[in-house]
Amino acid sequence: MDGVIGFFQDLGPNLELVAERMPQIVDGLLVTMLAMALGALLALVIAFVFGIAQISKFVVVRVVARIFVEFFRGTSIVVQLFWLAFVLPQLPYPFGFQLDPLLVGVLALGLNYGAYAAEVVRGSIGSVPKGQYEAISALSLSPTRGMFRVVIPQAWALMLPSLSNLWIQLLKGSAIVSTVLLYDLFFQVEQLRDRTGTWFAYTFALLAYYLIAWLIVILMNGLEIRAKHNIGRGPALSQSWRGLFQAPGSTPEGGRSARVVRDKSAVKAGTAGEGGLA
Amino acid sequence: MTPSNSWWDWGYAAEALPVLFDGFKITLLATVLGTLIALVLGLVVAMVRRTAPAIINAPFTWLVEFIRMTPLVIQLVFANLALSPFVDSTLMIGIWVLGIHYTTYMAEVYRAGIDSVPKGQWEAATALSLPRVRTWRAVVVPQAIRNTLPALGNYAISMFKETPFFVVIYIPEMVRNAQTFGGDNFRYTEAITLAGLIFLLASYPTSLLIRRLEKKLA
């Protein structure tokens, strides 16, 4: 029995099947969470390294960082994934090794979304007001200390909404890793389909990803509230816990993207839209 | 023809190119049609969310958010399995799913654009007692769209680079063709590398154009 009617008719037995298959589903969930977390970690490192390298005073560093970012943004995530999974093992010595599927997934996700995030980092650092840099020299802080104590804390608060959106993009993109034989959540839920039918299995899969996405939203909202509080631009987390459950792009002042579109400096820096996708 | 055991075989690459270009046509078609769907439906969604009563708005908003926050890959496979008894063309299913997925992004962009139209414009429309439809068509939408053009362009490029997600429903777009070609010949290097380069060659100049547009509008 399939279709929308079957979905409701067989809901009870199907839920029992889910319970029966729970060990496999949990395995898949762990793989997805691991790929998503490690991918995001790699992406964050790449974002900061290549975001800051793009505003280096050395031309060579800037050019190399720019090429890296444009390369990984411009070639699709699926191509990168297939390249690591299929091409890399076929290259002559000293390459020609088969990476573990999880590593392939993490590398592709981290490199691709890291390149997008590098643009967010660059844009946010660029939108920290000039007066702050003047304040750094007025207080005779060293440039490095000024970067880490003055500029980055402010840029961090600016970049969190976009990074949050990118992290959700990364989670959604991670569902493609089952094509390179990584047994993630999507793969395990697909195994359900033979017995529960299409509607149940895929509704279950979408809901599971939706819940994980919300975990990301809540975590990132928390970080954003804290970051704003740390630079004196908002209440403490304990006073604004409701802010944790704010859907992305639905802030009272008209949505994050609205703020970004209005903020011309952010548009110029390429952070317009949800995390400056393209 | 058996490819040589080297880094790169030009003859083999030349054989792969026509196969890739066949797929590229589908990639382009999907991008253009998907963008059109998202452009039109995105505006409709943004206007519904702005005007509909709360009882419709709440579930509708949730649905839009749900589509936006769940993987395109799963939506593609789901729609394909659920609709294939009724729809002949897998490509059309793929294009609609892609278009609807990006509708949810475009709707946010339009909403931001509509929000950024100054309040005085609405008041002026009321003062001139313009009918509601005319206020939207002649006052709000033209200004809203101008503010959102760069973001819309960015999403079109992003959609272009996400068409390879179609591999999960076996639509013969460029990356799927590269994969099949590589699999048939037990050699992936040339086909997949070229597919990546073609993406880069097509998307980078377009994103430069959009950046220029942004500067002009800013």
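Residues numbered from 1 in each chain as written. Chains lettered and ligands numbered in written order. Predicted model: local features only at pLDDT ≥ 70, side-chain atom pairs only at ≥ 80, totals over all residues.

A. Geometry of the packing of helix H1 (residues 10–51) of chain B against helix H7 (residues 174–185) of chain B. Residue and element names in this part refer to chain B. H7 packs onto H1 with a crossing angle of 150 degrees between their chain directions and a minimal axis gap of 7 Å. Between H1 and H7, the angle falls in the class roughly antiparallel. Of the two elements, H1 crosses H7, and the hand of that crossing is right-handed. Contact residues: H1 offers Ala16, Val19, Leu20, Asp22, Gly23, Phe24 and Thr27, while H7 offers Met174, Arg176, Asn177, Ala178 and Phe181. Here the contact of H1 with H7 is composed, by residue class, of seven nonpolar, three polar and two charged. (Axes fitted to C-alpha atoms, helices over the stretch in contact; angles between N-to-C directions. Helix = DSSP H or I, 4+ residues; strand = E, 2+ residues; numbered from the N terminus. Parallel < 35°, antiparallel > 145°, perpendicular 65-115°, else oblique. Left-handed = near helix turned anticlockwise from the far one by under 90°. Contact = placed C-beta atoms within 7 Å. Nonpolar A, V, L, I, M, F, W, Y, C, P; charged D, E, K, R; others polar.)

B. Region of interest: the interface of chain B and chain A. Every contact between the two is made by 54 residues of chain B and, on the other side, 44 residues of chain A. Elements represented by at least two residues in the side of chain B that touches chain A include exactly helix H2 (54–69), helix H3 (72–83), helix H4 (90–115), helix H6 (132–162), H7 and helix H8 (189–217) of chain B. Sort the elements by how many residues they give to the side of chain B that touches chain A and H8 of chain B lands first, with 12 residues. Of the residues contributing to the side of chain B that touches chain A, the split by class is 30 nonpolar, 16 polar and eight charged.

C. Region of interest: the environment of Gln75 of chain B. Residue and element names in this part refer to chain B. Within the secondary structure, Gln75 is located in helix H3. A C-alpha to C-alpha distance of 8.9 Å links Gln75 and Leu98, two positions 23 residues apart in sequence. For Gln75, the contacting residues outside a window of four places in its chain are Thr70, Val97 and His101.

Fair warning: the whole summary comes from geometry, so function is off the table for now.
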